Amino acid sequence: MNVFVTGATGWVGAAVVQELIEAGHAVTGLARSDDKAVALAAAGAKVLRATLEDLQALRDAAAAADAVIHTAFNHDFSKFIENCEEDRRVIDALAGVLQGSDRPLLVTSGLLGLPRGATESDLPNLASPRKSEPTARAWAERGVRAATVRLAPSVHGLGDHGFVPILVRLAREKGVSAFLGEGENCWAGVWRQDAARVYRLALEEGATESVYHAVADERVPFKAIAEVIGRRLGLPVESREREHFGWFATMAGADMSVSSARTREVLGWKPQGPGLLDDLDQASYYD
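Read on for an overview of the structure. Keep in mind that what you see is a predicted model, and the values were worked out from it rather than measured.

## Regarding the sheet that holds strand 7 (residues 154-156)
Strands in a sheet are paired, the pairing made by backbone hydrogen bonds, and the direction either parallel or antiparallel.
Link 1 in the chain: Spatially, three strands are ordered 7-9-11 in an open sheet, and the strand pairing comes out mixed. Looking along the sheet, the strands with just one partner apiece sit at the ends: strand 7 and strand 11 (217-221). Neighbour-to-neighbour, the strand axes of this sheet turn through a mean angle of 40 degrees, independent of strand direction.
Link 2 in the chain: Where strand 7 and strand 9 (residues 186-191) come together, three bridges link them in parallel fashion. Bridge pairing links Val155 to Val190 in strand 9.
Link 3 in the chain: Along the sheet face, helix 8 (residues 222-233) touches strand 9 and strand 11 and points at about 70 degrees away from the line of strand 11.

## A short note on the side chain of Glu120
Link 1 in the chain: Looking at the element boundaries, Glu120 is found in the loop between strand 5 (104-109) and helix 5 (132-141).
Link 2 in the chain: Among buried Asp, Glu, Lys and Arg side chains, Glu120 stands out as unpaired, with Arg262 the closest opposite charge at 6.6 Å.
Link 3 in the chain: A polar side-chain atom of Glu120 sits 2.7 Å from a polar atom in the side chain of Thr263.
Link 4 in the chain: Excluding residues within four positions of it along the chain, Glu120 makes contact with Arg137, Arg150, Val211, Tyr212, His213, Ser259, Ser260, Ala261, Arg262 and Thr263.

## Observations regarding helix 7 (residues 192-204)
Link 1 in the chain: Across its 13 residues, helix 7 extends 19 Å between first and last C-alpha, which sits within 8% of the 18 Å expected from 1.5 Å per residue.
Link 2 in the chain: In terms of residue burial, helix 7 counts as a mostly covered element, since eleven of its 13 residues are buried.
Link 3 in the chain: All of the buried residues along helix 7 are Gln193, Asp194, Ala195, Ala196, Arg197, Val198, Tyr199, Arg200, Leu201, Ala202 and Leu203.
Link 4 in the chain: Note on helix 7: the residue one or two positions beyond its end, Gly206, has a positive phi of about 85 degrees.

Cut-off values and rules
- Residues numbered from 1 in each chain as written.
- Predicted model: local features only at pLDDT ≥ 70, side-chain atom pairs only at ≥ 80, totals over all residues.
- Heavy atoms only, no water.
- Pairing = 2+ DSSP bridges.
- Helix = DSSP H or I, 4+ residues; strand = E, 2+ residues; numbered from the N terminus.
- Axes fitted to C-alpha atoms, helices over the stretch in contact; angles between N-to-C directions.
- Contact = heavy atoms within 4.5 Å.
- Buried < 20%, exposed > 50% of the residue type's maximum accessible area, 1.4 Å probe, protein only.
- Lys, Arg positive; Asp, Glu negative; His and termini not counted.
- Salt bridge = Lys/Arg side-chain N within 4 Å of Asp/Glu carboxyl O.
- Polar contact = N/O pair within 3.5 Å; in protein donor to acceptor, adjacent residues only side chain to side chain.
- Expected span 1.5 Å × (residues − 1).

Interpretation in functional terms is not warranted from these geometric data alone.
Okay, here's the thing in structure tokens:
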């Protein structure tokens, strides 16, 4: 297939591009800067030099593709509401081009707001500002073959710059590796390349499900994450109040543990990489 990928130079998107190319697919990837465009071309992809604001360029790329994968999202949390609205506009633009065809669209979302132990059939929290999944569902009701890949809060691996590195930096700054309450809330985790394989398999299977869970470790207690970080940094591991975590308190206290049984069944997906705690116990996370 010829696949158009947004966020093609991002943490997840770059792995998806690699996974697709190694499987024999042709990729056109979105790059917002010249240096990222060079890296994307070196990976073997055709480059669309544009931004998420260039909706017509995105429409044209989607129109020329056999399938579209949308992994891009602006993670500047100081303007989260605006970024969520931009995300909705991008999905609308991509899906609008695909309407009336059988070409699949995969969008990306997370687990925040889902009930503990949620399955792929559980609906997201509609009160959340991020509308990636609801927007995809709305287009699916209009005949677009749209599906959502829900990513674990920790997509881990060498070069990770997501939520776990935030916890590492916070521990260094505060002199303690902390958890909220008893630390019994759980996070899910997935090795980066395993997550990328979910996108590829879902695409190759025709995006027949409405939701896929890119989740290998389904339940990792937050306290266990704090303990590995504390041991690696030689810091105490203690309970702290929400104020300790600042803007990250909601994530630190959230229970984002779900089942990926349906995804494994329909895609034949078997995670191959290290688990979250084993990966976190490597020196690379603390360089």
